[in-house]
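So you can see what is in the structure, the chains are spelled out below.
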Amino acid sequence: MNQQDLFPIRHDWTLEDVLDFFKLPFNELMFQAQSAHRAYFSPNQVQLSSLLNIKTGRCPEDCAYCPQSAHFNTALESDTLMAQEKVVEMARKAKENGATRFCMGAAWRSPKGKDFIKVLDMVRAVKALELETCMTLGMLDNEQANQLQAAGLDYYNHNLDTSAAYYEEIITTRTYQERLDTLENVRTANIKVCCGGIIGMGESLKDRAELLKTLANLPEHPESVPINQLVRVEGTPLDKQSIPDSFDFVRCMAVARLLMPASFVRLSAGRTEMSDELQALCFLAGANSIFYGEKLLTTDNPGIDRDHQLFNRLGIQSI
Ligand code: SAM
Ligand code: DTB
Ligand code: SF4
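None of the values given here were measured: they were computed from a predicted structure.

Participant: Sorry if this is basic, but what is going on with the overall build of the protein chain here?
Facilitator: Helix and strand counts for the protein chain come out as 12 helices and 10 strands. A compact globule built from 319 residues would reach a C-alpha radius of gyration of about 20 Å, and the protein chain, at 18 Å, matches this within 12%. Oriented by its inertia axes, the alpha-carbon framework of the protein chain measures out at about 50 × 40 × 35 Å. Looking at the protein chain residue by residue over its 319 residues, the buried ones come to 56%. In the protein chain, 75% of the contacts between residues at least 6 apart in sequence involve partners at least 24 apart. Of the roughly 13,800 Å² of accessible surface on the protein chain, a fraction of 49% belongs to carbon and sulfur atoms. Computing the positive centroid from 32 side-chain charges and the negative centroid from 42, the protein chain places the two 3 Å apart.

In C-alpha coordinates, the structure reads:
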(Lines give C-alpha, C1' and ligand atoms only; values in the text may rest on other atoms or scores of the structure.)
(Ligands and ions follow the chains in the order given, each with its own letter.)
Protein backbone atom coordinates (compact mmCIF):
# COMPACT_ATOMS: atom_id res chain seq x y z
CA MET A 1 0.00 0.00 0.00
CA ASN A 2 1.17 3.50 -0.86
CA GLN A 3 2.12 5.28 2.40
CA GLN A 4 0.19 8.38 1.36
CA ASP A 5 -3.02 6.32 1.14
CA LEU A 6 -2.69 5.80 4.90
CA PHE A 7 -2.74 9.58 5.40
CA PRO A 8 -5.09 10.97 2.76
CA ILE A 9 -5.67 14.71 2.28
CA ARG A 10 -8.97 15.39 4.06
CA HIS A 11 -11.10 18.49 4.48
CA ASP A 12 -13.85 16.99 6.62
CA TRP A 13 -12.21 16.80 10.04
CA THR A 14 -14.54 17.02 13.03
CA LEU A 15 -13.63 18.63 16.34
CA GLU A 16 -13.81 15.16 17.85
CA ASP A 17 -11.27 13.78 15.33
CA VAL A 18 -8.87 16.56 16.26
CA LEU A 19 -9.37 16.23 20.01
CA ASP A 20 -8.84 12.47 19.67
CA PHE A 21 -5.37 13.15 18.25
CA PHE A 22 -4.62 15.48 21.16
CA LYS A 23 -5.73 12.80 23.63
CA LEU A 24 -3.32 10.17 22.30
CA PRO A 25 -0.41 9.18 24.51
CA PHE A 26 2.55 11.38 23.52
CA ASN A 27 4.63 8.57 22.01
CA GLU A 28 1.70 7.28 19.96
CA LEU A 29 0.94 10.76 18.62
CA MET A 30 4.59 11.30 17.73
CA PHE A 31 4.77 7.96 15.93
CA GLN A 32 1.66 8.70 13.89
CA ALA A 33 2.79 12.23 13.04
CA GLN A 34 6.25 11.07 12.02
CA SER A 35 4.70 8.34 9.85
CA ALA A 36 2.47 10.91 8.12
CA HIS A 37 5.49 13.16 7.69
CA ARG A 38 7.52 10.40 6.03
CA ALA A 39 4.68 9.58 3.65
CA TYR A 40 4.99 13.05 2.10
CA PHE A 41 8.44 14.42 2.96
CA SER A 42 12.03 13.46 3.42
CA PRO A 43 12.36 13.35 7.23
CA ASN A 44 15.69 15.16 7.58
CA GLN A 45 15.06 18.25 5.50
CA VAL A 46 13.89 21.60 6.83
CA GLN A 47 12.99 24.61 4.69
CA LEU A 48 14.37 28.07 5.59
CA SER A 49 12.34 31.28 5.25
CA SER A 50 13.81 34.66 6.20
CA LEU A 51 11.68 37.57 7.38
CA LEU A 52 11.98 41.31 6.94
CA ASN A 53 9.67 43.92 8.41
CA ILE A 54 9.35 46.45 5.58
CA LYS A 55 7.06 48.82 7.52
CA THR A 56 7.23 49.04 11.30
CA GLY A 57 4.68 49.98 13.94
CA ARG A 58 1.73 52.41 14.19
CA CYS A 59 -0.66 49.73 13.00
CA PRO A 60 -4.34 50.67 13.43
CA GLU A 61 -5.33 47.10 14.39
CA ASP A 62 -5.50 45.98 18.02
CA CYS A 63 -4.11 42.41 17.87
CA ALA A 64 -3.37 41.80 21.56
CA TYR A 65 -0.15 39.91 20.89
CA CYS A 66 1.43 42.46 18.60
CA PRO A 67 4.18 44.94 19.47
CA GLN A 68 3.36 46.90 16.29
CA SER A 69 -0.18 47.89 17.23
CA ALA A 70 -0.70 51.64 17.79
CA HIS A 71 -3.12 50.72 20.59
CA PHE A 72 -0.36 49.63 22.98
CA ASN A 73 2.69 51.26 24.47
CA THR A 74 5.70 49.16 23.53
CA ALA A 75 9.31 50.29 23.20
CA LEU A 76 9.16 49.82 19.44
CA GLU A 77 10.26 52.67 17.16
CA SER A 78 8.00 53.02 14.16
CA ASP A 79 9.17 53.57 10.61
CA THR A 80 7.68 54.21 7.17
CA LEU A 81 7.97 51.83 4.22
CA MET A 82 11.55 50.71 3.67
CA ALA A 83 13.32 51.71 0.44
CA GLN A 84 13.47 49.03 -2.22
CA GLU A 85 17.31 49.03 -2.34
CA LYS A 86 17.44 48.14 1.36
CA VAL A 87 14.89 45.36 0.92
CA VAL A 88 16.85 43.89 -1.99
CA GLU A 89 20.08 44.09 0.01
CA MET A 90 18.48 42.18 2.90
CA ALA A 91 17.01 39.61 0.51
CA ARG A 92 20.42 39.07 -1.09
CA LYS A 93 21.96 38.50 2.35
CA ALA A 94 19.22 36.05 3.28
CA LYS A 95 19.89 34.12 0.08
CA GLU A 96 23.66 34.11 0.69
CA ASN A 97 22.97 32.70 4.15
CA GLY A 98 20.92 29.84 2.68
CA ALA A 99 17.29 30.97 2.86
CA THR A 100 15.08 29.86 -0.03
CA ARG A 101 12.09 32.10 0.74
CA PHE A 102 12.02 35.79 1.63
CA CYS A 103 8.96 37.00 3.52
CA MET A 104 8.22 40.72 3.78
CA GLY A 105 5.84 41.98 6.47
CA ALA A 106 4.13 45.33 6.91
CA ALA A 107 2.24 46.69 9.93
CA TRP A 108 -0.86 47.59 7.95
CA ARG A 109 -4.56 46.81 8.22
CA SER A 110 -4.37 46.53 4.41
CA PRO A 111 -2.05 47.95 1.75
CA LYS A 112 -3.01 51.25 0.10
CA GLY A 113 -2.13 53.77 -2.63
CA LYS A 114 1.47 54.54 -3.52
CA ASP A 115 2.83 52.16 -0.90
CA PHE A 116 1.08 49.26 -2.62
CA ILE A 117 2.70 50.18 -5.96
CA LYS A 118 6.10 50.21 -4.21
CA VAL A 119 5.39 46.81 -2.70
CA LEU A 120 4.65 45.38 -6.16
CA ASP A 121 8.06 46.63 -7.30
CA MET A 122 9.67 44.96 -4.29
CA VAL A 123 8.10 41.63 -5.25
CA ARG A 124 9.57 41.93 -8.77
CA ALA A 125 13.01 42.90 -7.42
CA VAL A 126 13.19 40.06 -4.86
CA LYS A 127 11.85 37.55 -7.36
CA ALA A 128 14.68 38.57 -9.72
CA LEU A 129 17.15 37.24 -7.10
CA GLU A 130 15.62 33.79 -7.64
CA LEU A 131 14.18 33.62 -4.17
CA GLU A 132 10.64 32.49 -3.41
CA THR A 133 8.68 35.59 -2.42
CA CYS A 134 6.17 35.91 0.40
CA MET A 135 4.36 38.94 1.76
CA THR A 136 2.15 39.65 4.74
CA LEU A 137 0.46 43.05 4.43
CA GLY A 138 -2.91 42.59 6.13
CA MET A 139 -6.24 42.23 4.34
CA LEU A 140 -6.30 42.01 0.55
CA ASP A 141 -9.18 42.47 -1.85
CA ASN A 142 -9.47 40.53 -5.11
CA GLU A 143 -7.81 43.15 -7.22
CA GLN A 144 -4.80 43.53 -4.89
CA ALA A 145 -4.31 39.77 -4.78
CA ASN A 146 -4.34 39.64 -8.59
CA GLN A 147 -1.81 42.47 -8.81
CA LEU A 148 0.53 40.73 -6.36
CA GLN A 149 0.24 37.51 -8.33
CA ALA A 150 1.00 39.32 -11.59
CA ALA A 151 4.10 40.86 -9.96
CA GLY A 152 5.34 37.33 -9.21
CA LEU A 153 4.37 36.79 -5.57
CA ASP A 154 4.60 33.10 -4.66
CA TYR A 155 3.08 33.07 -1.13
CA TYR A 156 0.87 35.29 0.98
CA ASN A 157 0.92 34.96 4.78
CA HIS A 158 -2.31 35.72 6.59
CA ASN A 159 -2.91 33.89 9.86
CA LEU A 160 -6.15 32.87 11.51
CA ASP A 161 -4.21 33.19 14.78
CA THR A 162 -6.65 31.20 16.97
CA SER A 163 -10.16 29.71 17.03
CA ALA A 164 -13.11 31.82 15.84
CA ALA A 165 -14.42 31.88 19.43
CA TYR A 166 -11.19 32.97 21.14
CA TYR A 167 -10.37 35.42 18.34
CA GLU A 168 -12.84 37.92 19.85
CA GLU A 169 -10.67 38.11 22.98
CA ILE A 170 -7.61 38.94 20.90
CA ILE A 171 -8.68 41.27 18.06
CA THR A 172 -11.67 43.59 17.81
CA THR A 173 -10.74 45.69 14.76
CA ARG A 174 -11.31 43.03 12.12
CA THR A 175 -13.39 39.90 12.03
CA TYR A 176 -12.50 36.25 11.59
CA GLN A 177 -14.66 36.24 8.47
CA GLU A 178 -12.57 39.08 7.00
CA ARG A 179 -9.51 36.90 7.48
CA LEU A 180 -11.21 33.99 5.72
CA ASP A 181 -12.21 36.36 2.88
CA THR A 182 -8.60 37.48 2.40
CA LEU A 183 -7.48 33.85 2.30
CA GLU A 184 -10.07 33.14 -0.37
CA ASN A 185 -8.94 36.17 -2.42
CA VAL A 186 -5.34 34.97 -2.22
CA ARG A 187 -6.27 31.44 -3.26
CA THR A 188 -8.46 32.63 -6.14
CA ALA A 189 -5.57 34.75 -7.43
CA ASN A 190 -3.40 31.60 -7.56
CA ILE A 191 -1.01 32.69 -4.86
CA LYS A 192 0.09 29.95 -2.46
CA VAL A 193 -1.31 30.33 1.04
CA CYS A 194 0.74 30.56 4.25
CA CYS A 195 -1.66 30.46 7.18
CA GLY A 196 -1.34 29.37 10.79
CA GLY A 197 -1.69 30.69 14.30
CA ILE A 198 -0.27 31.40 17.72
CA ILE A 199 -0.08 29.09 20.74
CA GLY A 200 0.25 30.57 24.23
CA MET A 201 -2.29 33.41 24.24
CA GLY A 202 -4.36 31.84 27.05
CA GLU A 203 -6.44 29.73 24.67
CA SER A 204 -7.92 26.37 25.67
CA LEU A 205 -7.14 22.99 24.15
CA LYS A 206 -10.48 23.23 22.34
CA ASP A 207 -9.40 26.57 20.81
CA ARG A 208 -6.18 24.98 19.56
CA ALA A 209 -8.14 22.08 18.10
CA GLU A 210 -10.65 24.47 16.46
CA LEU A 211 -7.84 26.53 14.92
CA LEU A 212 -6.16 23.46 13.42
CA LYS A 213 -9.51 22.07 12.28
CA THR A 214 -10.41 25.33 10.53
CA LEU A 215 -7.04 25.40 8.74
CA ALA A 216 -7.37 21.79 7.65
CA ASN A 217 -10.97 22.19 6.48
CA LEU A 218 -10.21 25.13 4.19
CA PRO A 219 -11.06 24.21 0.55
CA GLU A 220 -7.31 23.62 0.04
CA HIS A 221 -4.73 23.16 2.77
CA PRO A 222 -2.38 26.12 3.15
CA GLU A 223 0.94 25.14 1.55
CA SER A 224 2.70 26.57 4.65
CA VAL A 225 1.33 26.41 8.18
CA PRO A 226 3.25 28.62 10.62
CA ILE A 227 2.75 27.61 14.25
CA ASN A 228 4.00 30.46 16.42
CA GLN A 229 4.60 30.37 20.15
CA LEU A 230 3.57 33.77 21.50
CA VAL A 231 6.51 36.14 21.83
CA ARG A 232 5.58 38.12 24.95
CA VAL A 233 6.41 41.76 24.34
CA GLU A 234 6.24 44.21 27.23
CA GLY A 235 3.43 46.72 26.83
CA THR A 236 1.11 44.35 24.94
CA PRO A 237 -1.97 43.01 26.78
CA LEU A 238 -0.55 39.48 26.59
CA ASP A 239 2.85 40.26 28.07
CA LYS A 240 2.14 38.35 31.29
CA GLN A 241 0.95 35.11 29.68
CA SER A 242 2.80 31.98 30.74
CA ILE A 243 4.77 29.92 28.23
CA PRO A 244 2.80 26.88 27.05
CA ASP A 245 3.80 23.47 28.31
CA SER A 246 6.50 22.16 25.96
CA PHE A 247 4.81 18.84 25.28
CA ASP A 248 1.51 20.57 24.57
CA PHE A 249 3.28 22.78 22.04
CA VAL A 250 4.84 19.73 20.38
CA ARG A 251 1.39 18.09 20.29
CA CYS A 252 0.12 21.08 18.28
CA MET A 253 2.89 20.51 15.72
CA ALA A 254 2.08 16.80 15.52
CA VAL A 255 -1.65 17.39 15.09
CA ALA A 256 -1.00 20.01 12.39
CA ARG A 257 1.16 17.44 10.58
CA LEU A 258 -1.55 14.76 10.81
CA LEU A 259 -4.36 17.06 9.66
CA MET A 260 -2.38 18.61 6.78
CA PRO A 261 0.13 15.90 5.87
CA ALA A 262 1.36 17.45 2.61
CA SER A 263 1.87 20.99 3.94
CA PHE A 264 5.05 22.53 5.26
CA VAL A 265 4.48 23.02 8.99
CA ARG A 266 6.67 25.83 10.27
CA LEU A 267 8.12 25.99 13.77
CA SER A 268 7.79 29.77 13.76
CA ALA A 269 8.06 32.50 16.40
CA GLY A 270 9.22 31.67 19.91
CA ARG A 271 12.35 29.62 19.18
CA THR A 272 14.64 31.87 21.23
CA GLU A 273 12.79 30.60 24.29
CA MET A 274 13.06 26.94 23.24
CA SER A 275 15.85 24.49 23.98
CA ASP A 276 17.49 22.53 21.19
CA GLU A 277 15.76 19.46 22.59
CA LEU A 278 12.31 21.02 22.31
CA GLN A 279 12.98 22.13 18.73
CA ALA A 280 14.20 18.60 17.91
CA LEU A 281 10.90 17.20 19.23
CA CYS A 282 9.02 19.67 16.99
CA PHE A 283 10.95 18.38 13.96
CA LEU A 284 10.20 14.80 15.04
CA ALA A 285 6.52 15.77 15.25
CA GLY A 286 6.68 16.85 11.61
CA ALA A 287 7.72 20.50 11.59
CA ASN A 288 9.80 20.98 8.45
CA SER A 289 10.29 24.72 8.11
CA ILE A 290 11.64 27.53 10.29
CA PHE A 291 12.10 31.27 10.23
CA TYR A 292 15.81 31.75 9.74
CA GLY A 293 17.90 34.84 10.50
CA GLU A 294 18.60 37.06 13.51
CA LYS A 295 15.22 38.74 13.52
CA LEU A 296 11.58 37.80 13.10
CA LEU A 297 9.69 41.05 12.36
CA THR A 298 10.54 43.16 15.39
CA THR A 299 11.78 40.58 17.91
CA ASP A 300 14.80 38.31 18.11
CA ASN A 301 15.14 34.90 16.48
CA PRO A 302 18.03 32.47 17.10
CA GLY A 303 21.13 33.52 15.14
CA ILE A 304 22.09 31.60 12.02
CA ASP A 305 25.15 30.12 13.76
CA ARG A 306 22.96 28.60 16.44
CA ASP A 307 20.66 27.13 13.79
CA HIS A 308 23.60 25.71 11.84
CA GLN A 309 24.86 24.07 15.04
CA LEU A 310 21.41 22.66 15.78
CA PHE A 311 21.02 21.28 12.25
CA ASN A 312 24.51 19.73 12.45
CA ARG A 313 23.72 18.09 15.76
CA LEU A 314 20.52 16.64 14.32
CA GLY A 315 21.83 15.79 10.84
CA ILE A 316 19.21 18.04 9.30
CA GLN A 317 19.75 19.37 5.81
CA SER A 318 18.31 22.79 4.96
CA ILE A 319 16.30 23.24 1.78
N1 SAM B 1 -0.13 43.25 9.62
C2 SAM B 1 -0.23 42.06 8.90
C3 SAM B 1 -1.26 41.11 9.48
O4 SAM B 1 -1.49 41.10 10.66
O5 SAM B 1 -1.81 40.33 8.69
C6 SAM B 1 1.09 41.32 8.72
C7 SAM B 1 2.08 41.21 9.84
S8 SAM B 1 1.56 40.35 11.30
C9 SAM B 1 2.82 40.81 12.44
C10 SAM B 1 1.77 38.63 10.91
C11 SAM B 1 1.51 37.60 11.97
O12 SAM B 1 2.57 37.55 12.90
C13 SAM B 1 0.29 37.74 12.84
O14 SAM B 1 -0.88 37.32 12.23
C15 SAM B 1 0.62 36.84 14.02
O16 SAM B 1 0.15 35.53 13.81
C17 SAM B 1 2.15 36.87 14.05
N18 SAM B 1 2.62 37.56 15.26
C19 SAM B 1 2.62 38.90 15.48
N20 SAM B 1 3.08 39.18 16.70
C21 SAM B 1 3.40 38.01 17.28
C22 SAM B 1 3.92 37.67 18.56
N23 SAM B 1 4.18 38.58 19.48
N24 SAM B 1 4.13 36.36 18.82
C25 SAM B 1 3.84 35.42 17.89
N26 SAM B 1 3.35 35.69 16.67
C27 SAM B 1 3.12 36.97 16.37
C1 DTB C 1 4.07 34.22 11.13
O2 DTB C 1 3.21 33.33 11.28
N3 DTB C 1 4.97 34.57 12.04
C4 DTB C 1 5.82 35.63 11.58
C5 DTB C 1 5.34 35.80 10.12
N6 DTB C 1 4.22 34.93 10.04
C7 DTB C 1 5.08 37.12 9.56
C8 DTB C 1 5.81 36.83 12.44
C9 DTB C 1 6.19 36.57 13.88
C10 DTB C 1 6.25 37.87 14.58
C11 DTB C 1 6.76 37.76 15.97
C12 DTB C 1 6.79 39.08 16.67
C13 DTB C 1 7.67 40.11 16.03
O14 DTB C 1 8.86 39.81 15.70
O15 DTB C 1 7.23 41.24 15.86
FE1 SF4 D 1 -1.12 45.22 12.82
FE2 SF4 D 1 -0.53 42.82 11.86
FE3 SF4 D 1 0.31 43.58 14.29
FE4 SF4 D 1 -2.27 43.09 13.92
S5 SF4 D 1 -0.57 41.60 13.73
S6 SF4 D 1 -1.41 44.85 15.00
S7 SF4 D 1 -2.54 43.81 11.83
S8 SF4 D 1 0.92 44.43 12.37
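Participant: I'm lost on the site of ligand 1 in this one. Help?
Facilitator: Not every one of the 16 residues close to ligand 1 is listed here, only the nearest: Tyr-65, Thr-136, Asn-159, Asp-161 and Val-231. Trp-108 places a polar main-chain atom, nitrogen or oxygen, 3.3 Å from a nitrogen atom of ligand 1. Interatomic distance of 2.9 Å between a side-chain N/O atom of Asn-159 and an oxygen atom of ligand 1. In isolation ligand 1 exposes 550 Å². Once the protein is present, 91% of that is buried. Mapping ligand 1 onto the cavity grids shows that it belongs to the largest cavity. Across the shell around ligand 1, the residue classes tally to 8 nonpolar, 6 polar and 2 charged.

Participant: How do you make sense of the pairing of strand S8 (residues 264-267) when you look at a structure like this?
Facilitator: Every regular strand shows the same layout, with side chains that alternate between the two sheet faces. The sheet contact formed by strand S7 (residues 224-229) and S8 spans 4 bridges and is parallel. Across the sheet, the residue bridging to Ser-224 is Phe-264, located in S8. Each parallel crossover has a hand, and for S7 linked through helix H10 (residues 246-259) to S8 it is right-handed. Looking at chain direction, S8 and strand S9 (residues 289-291) are connected through 2 bridges and run parallel. The residue of S9 that forms the bridge with Arg-266 is Ser-289. Note that the unit made of S8, helix H11 (residues 276-284) and S9 has a crossover that is right-handed.

Participant: Explain the site of ligand 2 here, please?
Facilitator: Every residue close to ligand 2 is listed here: Leu-51, Pro-67, Thr-136, Asn-157, Asn-159, Pro-226, Asn-228, Phe-291, Leu-296, Leu-297, Thr-298 and Thr-299. Between ligand 2 and Leu-297 there is a distance of 3.0 Å, counted from an oxygen atom to a backbone nitrogen or oxygen. The side chain of Thr-299 places a nitrogen or oxygen atom 2.8 Å from an oxygen atom of ligand 2. At a threshold of 2 Å from the grid points, most atoms of ligand 2 map onto the largest cavity.

Participant: Even after reading the chapter, I still don't get the pairing of strand S2 (residues 101-106), so can you show me in this structure?
Facilitator: Counted residue by residue, S2 has 6 buried out of 6 residues, so it is predominantly covered. Side chains Arg-101, Cys-103 and Gly-105 of S2 all project onto a buried face; the interleaved residues Phe-102, Met-104 and Ala-106 project onto the opposite face, where all are buried too. For strand S1 (residues 45-55) and S2, the ladder comprises 6 bridges, and the chain directions are parallel. Looking at the pairing, Leu-52 lines up with Met-104 of S2.

Participant: How should I be thinking about empty space enclosed by the protein in this particular structure?
Facilitator: Vacant regions in the atomic arrangement are exposed by a probe of water-molecule size rolled over the atoms. Taken as a whole, this structure holds 1 cavity of 30 Å³ or more when the rule is applied. Contributing to the lining of the largest cavity are 38 residues, with Tyr-65, Cys-66, Gln-68, Asn-159 and Leu-297 lying nearest its centre. Taken together, the elements giving at least two residues each to the lining of the largest cavity come down to S1, S2 and S7. Along the lines of polarity and charge, the residues of the lining of the largest cavity split into 20 nonpolar, 13 polar and 5 charged.

Participant: I keep staring at H11 and nothing clicks. Help me out?
Facilitator: Residues that lie three or four places apart on an α-helix share one face, since the helix turns once every 3.6 residues. For H11, the complete set of buried residues consists of Asp-276, Leu-278, Gln-279, Cys-282 and Phe-283. Relative to the axis of H11, the buried residues are bounded by an arc of 165° and lie together on one face. Structurally, H11 contributes buried residues whose contacts are with helix H3 (26-40), S1, H10, S8, S9 and helix H12 (304-314). Note on H11: the residue one or two positions beyond its end, Gly-286, has a positive phi of about 115°.

Cut-off values and rules
Residues numbered from 1 in each chain as written. Chains lettered and ligands numbered in written order. Predicted model: local features only at pLDDT ≥ 70, side-chain atom pairs only at ≥ 80, totals over all residues. Heavy atoms only, no water. Helix = DSSP H or I, 4+ residues; strand = E, 2+ residues; numbered from the N terminus. Rg over C-alpha atoms; globule rule 2.2 N^0.38 Å. Buried < 20%, exposed > 50% of the residue type's maximum accessible area, 1.4 Å probe, protein only. Contact = heavy atoms within 4.5 Å. Areas by Shrake-Rupley, 256 points an atom, 1.4 Å probe, with all protein chains shown as cover. Lys, Arg positive; Asp, Glu negative; His and termini not counted. Charge placed at Lys NZ, Arg CZ, Asp CG, Glu CD. Near = heavy atom within 4 Å. Polar contact = N/O pair within 3.5 Å; in protein donor to acceptor, adjacent residues only side chain to side chain. 1 Å grid on protein atoms, 1.4 Å probe; cavity = no way out; pocket = protein on both sides within 12 Å on 5 of 7 lines; lining within 4 Å. Sits in = over half its atoms within 2 Å of the grid points. Nonpolar A, V, L, I, M, F, W, Y, C, P; charged D, E, K, R; others polar. Pairing = 2+ DSSP bridges. Right-handed = clockwise from strand over helix to strand, strands pointing away. Points joined across faces, edges and corners; volume = space filled by probe spheres on them. Arc of directions from axis to C-beta.

By themselves, these figures tell us nothing about what the structure is for.
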